[in-house]
Amino acid sequence: MTVSIRLAGPADAIALTDIYLACRREMNYAPLAHAEAEVRAWFAGTLLPSGGAWLAEQNGDIAGFAAASLQDDVLWLDQLYVSAGHRGAGVGGMLLQRLLSPPAPACRLFVFQANLSARRFYETHGFALLSLSDGQDNEECCPDALYQRPPDAKE
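The model shown is predicted, which means the values in this text are computed figures rather than measured ones.

Turning our attention to the overall build of the chain. Along the chain, the regular secondary structure elements total four helices and seven strands. When the helices and strands of the chain are read in sequence order from the N terminus, they spell out β-α-α-β-β-β-α-β-α-β-β. By the compact-globule yardstick of 15 Å for 155 residues, the chain fits well, its C-alpha radius of gyration being 15 Å. The buried share of the chain, reckoned over its 155 residues, is 46%.

So, in structure tokens, the structure goes:
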């Protein structure tokens, strides 16, 4: 499988939002906190203009995307979603590798506690569980887990 990683741009907003919404619909434990129109507006008006989103593409088909932001010398993985038809093929790992190179500072992320496949994925890629919370601090009010990958972590 030949996959290319590139910076996402405004023209990718619809495709990335479609992947995000499809993935989130699969998460029956974490209902969307915003209407679809609000999510689409956020992707087009905030996420993509921030410049921190990368996408994986295979034969012109967008397979997944990841977005990160730097806050207080910590890289926060804000989004990482892979479309159903591309899961298990290494796309998520390629996106993560792109975000973490050149050598990134410590990287943190929140994931829903119930998302066991994502938790296993992050643990496989060198992330360690820091804490669990009841979800009162996220928009979905769903229990989440805070993970961190140190700067020198090896996969």
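Structure shown, so let's carry the discussion forward.
This paragraph deals with the sheet that holds strand S3 (residues 61–71). Spatially, the seven strands line up as an open sheet ordered S1-S2-S3-S4-S5-S7-S6, and their pairing is mixed. Strands at the two margins of the open sheet, each flanked by one partner only, are strand S1 (4–7) and strand S6 (128–133). Across this sheet, the average inter-strand angle for adjacent strands is 25°, counted without regard to direction.

Attention now moves to the nonpolar core. Among the nonpolar cores identified, the biggest contains 24 residues, and Leu77, Leu80, Val91, Leu109, Val111, Tyr122 and Phe127 are the most heavily contacted of them. Every element with two or more residues in this core is listed here: strand S2 (53–58), S3, strand S4 (74–82), helix H3 (91–99), strand S5 (107–112), helix H4 (116–124) and strand S7 (144–149). Beyond its immediate chain neighbours, meaning those up to four positions away, Leu77 contacts Ala66, Ala67, Ala68, Leu96, Leu99, Cys107, Arg108, Leu109 and Tyr122. Counting 21 residues, the second-largest nonpolar core is a separate cluster that includes Ala13, Tyr20, Phe43 and Phe65.

What follows is about the state of the cysteines. What the rule picks out here adds up to zero disulfides. Lacking any disulfide linkage, Cys23 is separated from the closest cysteine sulfur, that of Cys142, by 16 Å.

Here we take up helix H1 (residues 13–25). Its 13 residues place the ends of H1 18 Å apart at the C-alpha level, agreeing with the 18 Å of an ideal helix rising 1.5 Å per residue. Those residues of H1 that fall on the buried side of the exposure criterion are Ala13, Leu16, Thr17, Ile19, Tyr20, Leu21, Cys23 and Arg24. Residues of H1 that are buried make contact with helix H2 (36–47), S2, S3, S4 and S5.

Here is what the cut-offs are and how they apply
- Residues numbered from 1 in each chain as written.
- Predicted model: local features only at pLDDT ≥ 70, side-chain atom pairs only at ≥ 80, totals over all residues.
- Heavy atoms only, no water.
- Helix = DSSP H or I, 4+ residues; strand = E, 2+ residues; numbered from the N terminus.
- Rg over C-alpha atoms; globule rule 2.2 N^0.38 Å.
- Buried < 20%, exposed > 50% of the residue type's maximum accessible area, 1.4 Å probe, protein only.
- Pairing = 2+ DSSP bridges.
- Axes fitted to C-alpha atoms, helices over the stretch in contact; angles between N-to-C directions.
- Core = buried A, V, L, I, M, F, W, Y, C linked by side-chain atoms within 4.5 Å.
- Contact = heavy atoms within 4.5 Å.
- Disulfide = S-S within 2.5 Å.
- Expected span 1.5 Å × (residues − 1).

Shape descriptors only; they carry no functional weight alone.
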